[in-house]
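Analysis of the macromolecular model
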Amino acid sequence: MSWPCLSAMIHLCTGVGIEMSMTQIRTALQPAGDLEPARTHGDNTPRPIRSLRDWLDHLAARDRLVVVKPGIGLRFDLAAIAKRLDGLRATLFPRPGGHPIPVVSGLISDRGWMAEAMGVEPGEVLARFQEAARDPIPWRETASAPAHEVVHRHVDLERLLPLPTHNEHDGGPYVTAGLMITRNPRTGKQNVSIHRCQLHGANRLGVLLLPRHAHMFFEMAEQGGRPLEAAIVVGIDPLTLLASQAIAPIDVDELEIAGALHRQPLSVVKCLTSDLRVPADAEIVIEGRLLPGVREPEGPFGEFPQYYGERAERHVMEIDAVTHRKDAIFHTIVGGGLEHLLLGAIPREATLLAHLQRSFPNVRDVHLSRGGVCRYHLYVQIRKRQEGEAKNIMLGAFAGHYDVKHVIVVDEDVDIHNPAEVEWAVATRFQADRDLVVVPESQGSKLDPSTRNGVGAKMGLDATKPLAAAEMTFKRIRVPGEENVDVTALLASTGRVDWREAVKR
């Protein structure tokens, strides 16, 4: 095994303890294969990442994985390091708080990394996700799996798992990167989603179920006085994580969307205590039941809007078994960090783009901005065809997902991935008396503290040019040839000079 980039991974950070020998790093990671795996199809096109360990190898080979010294504390210390490195490096924590299972964070905290995980160019990410959501691949069941190498029937979650506490006022340790798999009690079809799960006891988790498919399934079961079987999968490849966030119709199993992103069926295995199917290559699986008629206080918890989700009576999951690999890795997502934001952004953008293009084929691109916490602010780029169309597109966007709060529609000459460009378009192409749309008393995000229990207002801004405007009225200024100037080469060629001498020449 070769480790060509590991020397660059060793960062000596005061107070952080990122200081390890080469032997320690190799031991901490324990990769399943070569560091630089063969990731191409027969036609030499990149193939997608299909396992967490493959992804760790990929990040390490590109100097994007930091291995911290063993023993970092699980309460705040781990999250502090992970958040500071979020978007720059993924972070691996051997023996966190003395626990034998290592923790990893920051796996998909950059949009470019997501493209690499898919095996596509950055500009192809949304189209690739749309394709997978449109044409899912059914999973393939196996009789045995790495996820079942170790089985615990007598459950003490705090002893079995390295559960971190992230933000200052979080109600306690949480599972934050667990894929919750549930089944429709009427049809048997599975759903995959991510929910914050707070440690409540040796075999109990408090779970926030927002009004989506898993919540609907629970209500069906509770109405019949029955628990809802659930499994929480921790430690999975980045594409299955992304698939879990797809805005898919009810009874579409997101594990099949993951298969399409993998370009082959996802291998699954039946749970030991239920009929649920979970990814066979998962690191850890927590099996249990959401209890009918039971609610317990859960929270506060640091959420994606950069505020705390309040403490309130929430659903409760009782755990029946925990299974994991012999050398399992626990994945945690720091609440409110980039990984948290981007994990939800990409699938939402892909789904919203497909939703809008069905009615408005001239929609070119969409972007959920980081300033809008990758949920609330949507930028839409269009090739304008007629007046009034931008307002219809805004209404379509609001209908696409209730989290969308503000929509700005711009022309195709505006880079929607550059917030300064979008703000410029609003400053120079928008007038509030004619281009503003407000929809009062509509459903929004319950995690938006400015709403009234999730009820608030939507706002749309038409920042497009009037079609009848004279050509020069909205002509953007440019210096001919500026885009061809190689700034790096220009600065390198000039070097340091004495300007007084230079002007005498």
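Scroll up a little and you will see the structure.
The structure presented is a predicted model; accordingly, all values stated were derived computationally and were not measured. Sequence order as written defines residue numbering, which begins from 1 separately in each chain. Under the rules for a predicted model, residues below a pLDDT of 70 receive no local features and side-chain atom pairs below 80 are neither given nor counted, while totals for whole chains, interfaces and linings still include all residues. With hydrogens and water excluded, all non-hydrogen atoms of the structure serve as input to the side-chain values.

Quick word on the overall build of the protein
Within the protein, the regular secondary structure consists of 16 helices and 23 strands. Only the C-alpha atoms count toward the radius of gyration. The rule for a globule is 2.2 Å times the residue count to the power 0.38. In summary, the protein has a C-alpha radius of gyration of 25 Å against a globular reference of 23 Å for 505 residues, a match within 12%. The dimensions of the protein, computed from C-alpha atoms along their principal axes, are 80 × 60 × 50 Å. For this analysis, residues touch if any pair of their heavy atoms sits within 4.5 Å. Put simply, of all contacts in the protein between residues at least 6 apart along the chain, 70% involve residues at least 24 apart. Counting only carbon and sulfur atoms, one obtains 51% of the accessible surface of the protein, whose full area is about 22400 Å². Computing the positive centroid from 58 side-chain charges and the negative centroid from 64, the protein places the two 0 Å apart. Under the DSSP-based scheme used, a helix requires at least four consecutive residues in state H or I and a strand at least two consecutive residues in state E, with every element numbered from the N terminus. Only the protein chains shown count as cover for residues, and the accessible areas themselves come from Shrake-Rupley with a 1.4 Å probe. Positive charges are assigned to Lys and Arg, negative charges to Asp and Glu, while His and the chain termini are left out of the count. A charge is said to be at NZ when it belongs to Lys, at CZ for Arg, at CG for Asp and at CD for Glu.

Observations regarding the pattern of salt bridges
A pairing counts as a salt bridge when a side-chain nitrogen of Lys or Arg comes within 4 Å of a carboxyl oxygen of Asp or Glu. Under the counting rule described, the total for this entry stands at 35 salt bridges. Among the charged side chains, a network of salt bridges with common partners joins Arg 53, Asp 281, Glu 283, Arg 325 and Asp 327.

Here we look at the sheet that holds strand S3 (residues 103–105)
What makes two strands pair is DSSP finding at least two bridges between them. The strand order across the open sheet built from four strands is S1-S2-S3-S18, with neighbouring strands paired in mixed fashion. For this open sheet the edge positions go to strand S1 (65–67) and strand S18 (330–331), each flanked by a neighbour on one side alone. Of the pairings in the sheet, the one linking S3 to S18 comprises two bridges and is parallel in character. In the strand pairing of S18, Val 103 is matched with Phe 330. Against the sheet, helix H4 (residues 77–85) engages S1, strand S2 (90–93) and S3, with an angle of about 155° to S2. Axes here refer to lines fitted to C-alpha atoms; in helices the fit is confined to the stretch in contact. Angles between the N-to-C directions go from 0 to 180 degrees.

Brief notes about a nonpolar patch on the surface
Side chains of Val 485, Val 487, Leu 490 and Leu 491 sit close together on the surface and give an oily, nonpolar patch of about 370 Å² of accessible area. For Leu 490, the location among the structural elements is in helix H15 (residues 487–494). A patch is a set of surface residues, each over 30% in relative accessible area and not in a salt bridge, joined within 9 Å for like charges and within 5 Å for the nonpolar side chains Val, Leu, Ile, Met, Phe, Trp and Tyr.

Focus: the packing of aromatic side chains
Stacked, tilted and edge-to-face are the three classes applied to pairs of Phe, Tyr and Trp rings, where Trp contributes its six-membered ring and a pair requires centres within 6.5 Å; stacked means planes under 30 degrees apart, edge-to-face means over 60, and tilted covers the rest. Counting across every chain of the model gives two aromatic pairs. Ring geometry for Tyr 174 versus Phe 301: centroids 4.5 Å apart, planes at 45°, classification tilted. Here the residue Tyr 174 occupies a position in strand S6 (residues 174–175), and Phe 301 occupies one in strand S15 (residues 301–302), the gap between them amounting to 127 residues. Of the two residues examined, Tyr 174 and Phe 301, each falls in the buried class. Ring centres 5.8 Å apart and planes at 65° place the aromatic pair Phe 304 and Tyr 376 in the edge-to-face group. With Phe 304 in the loop between S15 and strand S16 (308–309) and Tyr 376 in the loop between strand S19 (363–368) and strand S20 (377–382), the pair connects residues that are 72 residues apart, well separated along the chain. One exposure class covers both Phe 304 and Tyr 376, and it is buried. Between the NZ or CZ atom of Arg 375 and the centre of the ring of Phe 304, over which it lies, the distance is 4.6 Å. A 1.4 Å probe rolled over the protein chains alone gives each residue an accessible area, and that area as a share of the maximum for its type sets the label: buried under 20%, exposed over 50%, partly exposed in between. Whether a charge sits over a ring depends on NZ of Lys or CZ of Arg being within 6 Å of the ring centre and within 35 degrees of the ring normal.

So, the sheet that holds strand S23 (residues 455–463)
Across the sheet, five strands lie side by side as S19-S20-S21-S23-S22; this open sheet has mixed pairing. Because the sheet does not close on itself, it has two edges, and the strands there are S19 and strand S22 (436–443). Put simply, the sheet's adjacent strands are angled 15° from each other on average, direction ignored. Bridge count for S22 against S23 is six bridges, and the pairing is antiparallel. Residue pairing for S23: Val 438 is matched across the bridge by Met 459. In this fold helix H13 (residues 419–429) packs onto S20, strand S21 (406–411) and S23, with an angle of close to 75° to the strand it touches most, S23.

Remarks on the side chain of Glu 389
Considering the arrangement of structural elements, one finds Glu 389 in helix H12 (residues 389–400). Leave out the neighbours within four places in its chain, and Glu 389 touches Phe 360, Asn 362 and Lys 384.

Re the pairing of strand S11 (residues 228–234)
Most of S11 sits out of view: six of its seven residues are buried. The sheet contact formed by S11 and strand S14 (residues 284–298) spans seven bridges and is antiparallel. Its bridge partner being in S14, Leu 228 is matched across the sheet by Leu 290.

Structural notes on unusual backbone geometry
Peptide bonds are trans in most cases, and residues, glycine excluded, mostly fall at negative phi. Going from Gly 299 to Pro 300, the amide bond is cis rather than trans, its omega being -5°. With respect to the helices, strands and loops of the structure, Pro 300 is situated in the loop between S14 and S15. Its identity as a non-glycine residue notwithstanding, Asp 251 has a phi of 75°, on the positive side. Looking at the secondary structure, you find Asp 251 in the loop between helix H9 (238–243) and helix H10 (254–262). Here Asp 251 falls in the partly exposed class, since its relative accessible area comes to 26%.

Some details on the nonpolar core
Remark: nonpolar core denotes a set of buried residues (Ala, Val, Leu, Ile, Met, Phe, Trp, Tyr, Cys) joined through side-chain atoms within 4.5 Å. Judged by nonpolar contacts, the single largest core of 84 residues is most densely connected at Val 363, Leu 378, Val 380 and Val 407. With nine residues, helix H11 (residues 338–359) is the single largest residue contributor to this core. Leave out the neighbours within four places in its chain, and Val 407 touches Leu 378, Val 380, Met 394, Ala 397, Phe 398, Met 459, Gly 460 and Leu 461. Listed in part, the 42 residues of the second largest apolar core include Ile 81, Ile 101, Leu 163 and Ala 230.

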